[in-house]
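# Per-entry structural report
Listed below are the residues making up each chain.
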Amino acid sequence: MRLTFCGAAQQVTGSSFLFETSSSRFLVDCGMFQGARDTRARNLAPFAFDPYRLDFVILTHAHIDHSGLLPRLQAAGFRGPVYATGATGDLVSVLLPDSAHLQRMEAERAARHGRDFRPAYGLEEARAVLQQLRIVGYDHVFEPASGVRARLRDAGHILGSAIVELWLEEAARTRKVVVSGDLGQPGRPIVRDPSFIAEADVLLLESTYGNRDHKPLAQTLDELVQILEHALGERRGVVVVPAFAVGRTQEFLYYLNQLSREGRIRGPNVFVDSPMAAAVSAITARHFDLFDEEARRLAGPGPFTSTSLRVRYAETQQDSMALNRLAGGAIIIAASGMCDGGRIRHHLLHRLPDPGTTVLFIGYQAAGTLGRRIVDRAPSVRIFGEEVAVRARIATLGGFSAHADQSTLLAWLAHFAPPPRQLCLVHGEPQVMRALAARIEQRCGVQAHLPAHGEAIEL
């Protein structure tokens, strides 16, 4: 049995893990790389395996860094099933065509400016791979191939996110492998807390925030109130919020709605500039059975729309452009969360030079992304080939992360009895992974391995 790390190895994005036994070959995830300078080359590079020979893919969740290269895999010859939860299937049915659309728009924009941009795939490929989706419920053991059993458990990251349990059989020997996917932080709204797993021979553990803990939610909400009062009241400006259309936008609206109901903010005008976010919000509402207890209780007027909060969706390009005329008193939420695509870049182009604007980051910014450069206080950034001065106020709130922090990762790992014999850290920047590995060895007495991109190990 062999495992090859085809992505998310000493970096956060590009999740893709190739498993090979004597009777089957399959992937867990097939995600896009994001952020780094070689991102485009990696997304266009030939796969390190023959897609035609893959038996199946298991998808942990819908985010593009986990699902975004599935259309390219299909175009390269993969014809097997893609197993996912129902909510994940609904979400990728929106995300993958949207990804193809954004790449086409980027290619057209690049051509107008004499630059070259080659899309990783088009709309036809995105639609084709959606026909290969096979829906599997949480906690149900299924057999996707001879010698392989699998089960998806709730990861508590976004709607439909899953931890993957695998039982691999070869030569009268069974190895249990657990792939954590992206684990959520307990106590977050809408989604349930991550499931605990009791045993594994091999564990692939995410480490995005493995070197630190998030601020308490109550403190984060207090900071949000202060930021909004200063930006919308004292400065009478506009707050621009880069947010992923899946998960983060819905959670942020939930918190704004909560603060509005409690009278802590005075009903600002909120504009969600993302047709995809509108579609995802509708999908989220359809999966009420996956909500946590608090979200069920508060779902009267709804955690995404409310009479307490004025929320409007900018559906068309004209709606989006009209937001440029807003002079103050408004919050604009737009994708993408790391500012490397989508309508957020137009708002940043227009508003970053304005000292009256506040840009509020509420999610992780991977190294090399536009969002990371802004958070790192670059004096100017390049958007659509234009150098843009950064005069806006930049604010960050780390407490809204949908990723488990260090304490949560250690607590989740502590439920394995005994600890996994092989523990590999994935989905993290190297210095973060080293910090988590040191804490794991100190707490659990287990040495964690930090696999390199393309590295293969025996199970």
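Below, the structure is looked at part by part.

## Details of the nonpolar core
Formed by 67 residues in total, the largest nonpolar core has its most connected members in Leu73, Phe252, Leu256, Ile331, Ile333 and Leu360. The element that contributes the greatest number of residues to this core is helix 6 (residues 217-234), accounting for seven residues. Not counting the four nearest positions on each side in its chain, Leu73 is found in contact with Leu27, Cys30, Phe47, Phe49, Pro51, Leu54, Val57 and Phe78. By size, the runner-up hydrophobic cluster in this structure holds 31 residues, among which are Met1, Leu3, Phe26 and Ala145.

## Re the packing of helix 4 (residues 86-112) against helix 8 (residues 275-286)
Look at helix 4 against helix 8: their axes get within 9 Å of each other, and the N-to-C directions meet at 170°. As the angle between them shows, helix 4 and helix 8 are arranged roughly antiparallel. In contact with Asp90, Leu91, Val94, Leu95 and Asp98 of helix 4, helix 8 contributes Met276, Ala279, Val280, Ile283 and Arg286. Here the residues of the contact of helix 4 with helix 8 are counted per class, giving seven nonpolar, no polar and three charged.

## Topic: helix 7 (residues 248-261)
The terminal C-alpha atoms of helix 7, which comprises 14 residues, lie 20 Å apart, in line with the 20 Å expected from a rise of 1.5 Å per residue. Inspection of helix 7 places Arg248, Thr249, Gln250, Glu251, Phe252, Leu253, Tyr254, Tyr255, Leu256, Asn257, Leu259 and Ser260 among the buried residues, and these make up the whole buried set. In the segment just after helix 7, Gly263 is the residue with positive phi, at about 75°.

## Some remarks on the sheet that holds strand 16 (residues 358-361)
Strand pairs in the sheet, formed through backbone hydrogen bonds, run parallel or antiparallel to each other. The six strands are arranged 14-13-15-12-16-19 in an open sheet whose pairing can be described as parallel. At either margin of the open sheet sits one strand with a lone partner, and together these are strand 14 (310-313) and strand 19 (393-396). Averaged over all pairs of adjacent strands, the angle between their axes in this sheet comes to 20°, without regard to strand direction. When strand 13 (residues 269-273) meets strand 15 (residues 330-334), the two strands line up parallel, connected through five bridges. Counted as the bridge partner of Val270 is Ile331 from strand 15. Here helix 6 sits on the sheet and contacts strand 12 (238-242), strand 15, strand 16 and strand 19; the angle it forms with strand 16, its principal contact strand, is near 165°.

Criteria and thresholds
Residues numbered from 1 in each chain as written. Predicted model: local features only at pLDDT ≥ 70, side-chain atom pairs only at ≥ 80, totals over all residues. Heavy atoms only, no water. Core = buried A, V, L, I, M, F, W, Y, C linked by side-chain atoms within 4.5 Å. Buried < 20%, exposed > 50% of the residue type's maximum accessible area, 1.4 Å probe, protein only. Helix = DSSP H or I, 4+ residues; strand = E, 2+ residues; numbered from the N terminus. Contact = heavy atoms within 4.5 Å. Axes fitted to C-alpha atoms, helices over the stretch in contact; angles between N-to-C directions. Parallel < 35°, antiparallel > 145°, perpendicular 65-115°, else oblique. Nonpolar A, V, L, I, M, F, W, Y, C, P; charged D, E, K, R; others polar. Expected span 1.5 Å × (residues − 1). Pairing = 2+ DSSP bridges.

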